[in-house]
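Descriptive structure summary
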Amino acid sequence: RGGGEGPGARVARATQQFVKLVGWRSGVSYLEEKPSQFTKATTGQRLGTLGLGALNLFGVGFLSALVDFDGHKLAELLTEDPSNQIAALLLPVLQVYAASYVAIPTTRWLLNKRKNGEIAARNEKRMAAAQLLMDAPAAVAEKLESARGAAEKVRVIRGSDIVYSSDRDLIEQNTEGREFDKKLMELDD
């Protein structure tokens, strides 16, 4: 995933991604959750899918009208041409497929719409909370400024600070640990 880029490039990319997440409305910054996308298909692909679904439903409806399950037409079809027999036997499967072809995406769309409504509600709450903080009394503003100052003093962990890493063999790391212990013992003496 890193593609050989250094830690500085990864931090810069992560910062850019974070900046894209921050929403600005009415001069208030807050972390905005993006709505869930239903599909990444192009408009042409979506229209093709809708056309195929309509053709599928029409075909199954037409075949169902030909194979009337009241008894006499089905019996006639089963005794005639073998291709008619196959069509009559596959009709229930085709009907389930046609119904699923429409029902599954429709259900996903409805669930996605509900999820996006919940996301919009959370975004509104975040914006209201951010606005409340912007309009905070002096005592609260002072505490917020103190917290910002403390956040700037956070120590960044570098590769040299890491004691254990999953990309190296455990035996190699234990050897380094023993060398560290020896150095500590020498300092105590």
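Basis of the calculations
Residues numbered from 1 in each chain as written. Predicted model: local features only at pLDDT ≥ 70, side-chain atom pairs only at ≥ 80, totals over all residues. Heavy atoms only, no water. Helix = DSSP H or I, 4+ residues; strand = E, 2+ residues; numbered from the N terminus. Buried < 20%, exposed > 50% of the residue type's maximum accessible area, 1.4 Å probe, protein only. Contact = heavy atoms within 4.5 Å. Areas by Shrake-Rupley, 256 points an atom, 1.4 Å probe, with all protein chains shown as cover. Expected span 1.5 Å × (residues − 1). Phe/Tyr/Trp six-rings, centres within 6.5 Å; stacked < 30°, edge-to-face > 60°.

If you tally the helices and strands in the protein chain, you get six helices and two strands. Going from N to C terminus, the protein chain has its helices and strands arranged as α-β-β-α-α-α-α-α. Here the protein chain, with 189 residues, has 12% of them falling under the buried criterion. Put simply, 58% of the contacts in the protein chain that link residues at least 6 apart link residues at least 24 apart. When the accessible area of the protein chain is evaluated, it comes to approximately 15,300 Å², of which 63% is carbon and sulfur surface.

Attention now goes to helix 2 (residues 43-66). Over its 24 residues, helix 2 runs 35 Å from end to end, which matches the ideal 34 Å to within 8%, given 1.5 Å per residue. When we look at burial in helix 2, the residues that qualify are Gly53, Asn56, Val60 and Leu63.

A word on the packing of aromatic side chains. Tallying each qualifying case throughout the model produces two aromatic pairs. Ring geometry for Phe58 versus Phe62: centroids 6.3 Å apart, planes at 20°, classification stacked. Of this pair, Phe58 and Phe62 are both found in helix 2, four residues apart, which corresponds to roughly one turn of the helix. Take Phe58: its relative accessible area is 59%, and that puts it in the exposed class. Each ring, one from Tyr97 and one from Tyr101, has its centre 6.0 Å from the other, and the planes form 45°; the classification is tilted.

Tracing the backbone shows Leu111 in helix 4 (residues 82-134). Here Leu111 falls in the partly exposed class, since its relative accessible area comes to 47%. Along the backbone, Leu111 and Phe38 are 73 residues apart, and their C-alpha atoms lie at a distance of 9.6 Å.

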